[in-house]
Protein chains: 2
Amino acid sequence: MKPIRTAIIGFGKIAEDQHVPAIAGNPRFELAGSVSRQGKGPAPNFTSAEDLLAAVPDLQAAAITTPPRPRFDIARTCIARGLHLLLEKPPCATLGEIEELRRLAEAAGTTLFTTWHAQHNGGVAAAKKLLADARIRSMKITWHEDVHKWHPGQQWVFEPGGFGVFDPGINAFSVATAILPAPLFVREGTLFFPANAHTPIAAELSFTSPAADGPLSASLDWRKTDGEEWTIDIETADGSRLQLLDGGARLLLNGDEVATSGIGEYPDLYARFAQLIDCRESLVDVEPLRLVADSLLVGKRETVEAVTV
Amino acid sequence: MKPIRTAIIGFGKIAEDQHVPAIAGNPRFELAGSVSRQGKGPAPNFTSAEDLLAAVPDLQAAAITTPPRPRFDIARTCIARGLHLLLEKPPCATLGEIEELRRLAEAAGTTLFTTWHAQHNGGVAAAKKLLADARIRSMKITWHEDVHKWHPGQQWVFEPGGFGVFDPGINAFSVATAILPAPLFVREGTLFFPANAHTPIAAELSFTSPAADGPLSASLDWRKTDGEEWTIDIETADGSRLQLLDGGARLLLNGDEVATSGIGEYPDLYARFAQLIDCRESLVDVEPLRLVADSLLVGKRETVEAVTV
């Protein structure tokens, strides 16, 4: 079987650190080119998607790893050329854009895969299995880190459309929606906007779910300066306690480590992409982004100290 | 054919002014009861949906006209009882809740109708027909009114989940999405939050659409004190100009009044509800609410003078 000739469009840190090795490590894919406005991606490199598409005519797929805003136009162009698409998270800047890409990919018969890399962590599948028939007594998401450590110099996270603390927080949402046996709905919350920012630096949220009888909450905070915590802590009605640690990489059941068998986030994600292409299927999951939008719809707003990263 | 026994849940101004006369004027429906926490709806009146459902066992349908926040729980209870539902706009507080109601109604085989009353204005169907195959050169939505005149004493519009200027603005979105031959996507915008408010008092937005080659914009403003304006002004590539005036009630084509034949917003809306029930179909349109959510996702935030209504 000939490998799927794939381009990476938007060559930043995530492309270099994750997509290039995942493609190199999967014989189903072959890296056929890249797009970087700075001209620094793997050869053949182009400075626009149009140039790439014109120069590499036998391209079959692309991973779009640009910031969210330009993705929609690039994706439309690629779908019109019949490419299968993998979109980094979050898939687009708005929910409306994703719906349109879903429609276009369906009409074109191409695969559209809106990825949420955190869902491919080792502990996630195991947690999902353990919770398949569970009633939830409580869930507490804690996603605390230092924006100065994780986004140095990236003031754009506080610009319009930059997502703010929802940029990491959407990873938590993607894991929570993957493991819970029923959907999550935002009930209420408070969003903390720095005086000089258009996006929140922290959010305290509560949720409801048809699968839950008790409190469901998320604490997202970019102001933690002593280390980081990315945990989802769940108690079930039968008295079990599941702790997903390190963003989903580790799972504890009643305090004991559960062995997980994942092959790694991005290798797993590309394996799924190949399956979807083989089956001519799409996987378009808007739930994590919808939870962000719903948080903005119902959230209380508080202004906090200005921030510069 | 026996009339459809219908209750009104949430008996405020819109129920009294619009839903009661529309039900009374349509022989397909019979008002079978109401719910009002203040106990002031048409008899038999109850103070909770549970009491209504327990006391009126042959109920077939309900119009939910409460504020958005409590609708989801009421709607779930009603769907579980097999009722066909009409939801006032906006259908729920969040997009996640609507998706769940869509799923529940489908599973229960009941009709779910998320209404946008402005779409039932006389000029809207005529405008939609005229634009069916058009390319759009420009669109300008102007939705200006005085919040003190239209929402006196209703400070809750500025509380979390209160929608602010999007409460009227979502009517404009519902008309624009109904008449344009392709979807609208929020590109960027500025939201103006009063210093004491959790929702915007004004919004300046720009959009894109696969049907448009030029600028698409919306100016929503609750700070206009000399009268009001609710217009959608569209130029097409072939040089025509459509002006929907008075929220959609009137239509001008190249300056000339177009005769419209509507039976009125709420009579038309209930006629559609009867059709949907007859065909066991649902009509769940989330686009207007998604445009609000997308505006919050990408919008710039500015703080303006505090407001008290």
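For the structure, see preceding data.
Cut-offs used in this document
- Residues numbered from 1 in each chain as written.
- Chains lettered and ligands numbered in written order.
- Predicted model: local features only at pLDDT ≥ 70, side-chain atom pairs only at ≥ 80, totals over all residues.
- Heavy atoms only, no water.
- Salt bridge = Lys/Arg side-chain N within 4 Å of Asp/Glu carboxyl O.
- Helix = DSSP H or I, 4+ residues; strand = E, 2+ residues; numbered from the N terminus.
- Buried < 20%, exposed > 50% of the residue type's maximum accessible area, 1.4 Å probe, protein only.
- Pairing = 2+ DSSP bridges.
- Contact = heavy atoms within 4.5 Å.
- Axes fitted to C-alpha atoms, helices over the stretch in contact; angles between N-to-C directions.
- Least-squares fit on C-alpha atoms with pLDDT ≥ 70 in both.

Proximity of charged atoms lets side chains of opposite charge pair with each other. Enumeration according to the criterion identifies 34 salt bridges over all chains in this entry. One salt bridge connects R28(A) with D278(A), and the closest N-O pair in it is separated by 2.8 Å. Of this pair, R28(A) sits in the loop between α1 (13-24) and β2 (29-35) while D278(A) sits in helix α8 (residues 265-278), and the two are 250 residues apart along the sequence. Overall, R28(A) belongs to the partly exposed group, its relative accessible area being 22%. One salt bridge in this structure joins R5(B) and E30(B), with 3.2 Å as the shortest N-O distance. Taken together, the residues span a long stretch of sequence, with R5(B) in strand β1 (residues 4-9) and E30(B) in strand β2 (residues 29-35) at a distance of 25 residues. Judged by relative accessible area, which is 31%, E30(B) ranks as partly exposed.

So, about the sheet that holds strand β6 (residues 112-114) of chain A. All names here are of chain A. The parallel open sheet is built from six strands, whose spatial order is β3-β2-β1-β4-β5-β6. What marks the edges here is a single partner per strand, and that holds for β3 (45-46) and β6. Of the strand pairs in this sheet, strand β4 (residues 61-64) and strand β5 (residues 84-87) are connected by four bridges, and their pairing is parallel. Pairing of A63 across the sheet is with L86, part of β5. Of the strands in this sheet, β1 (4-9), β2, β4 and β5 touch α1, which is tilted by about 180 degrees from β1.

Superposing chain B onto chain A takes a rotation of 180 degrees combined with a translation of 0.0 Å along the rotation axis, leaving an RMSD of 0.0 Å. Those values place the two copies in the arrangement expected of a two-fold rotation axis. Relative to the rotation axis, the closest C-alpha in chain B is found at A293(B), a distance of 2.7 Å. Most of the interface of chain B is mirrored in chain A, where 100% of its interface residues again form contacts.

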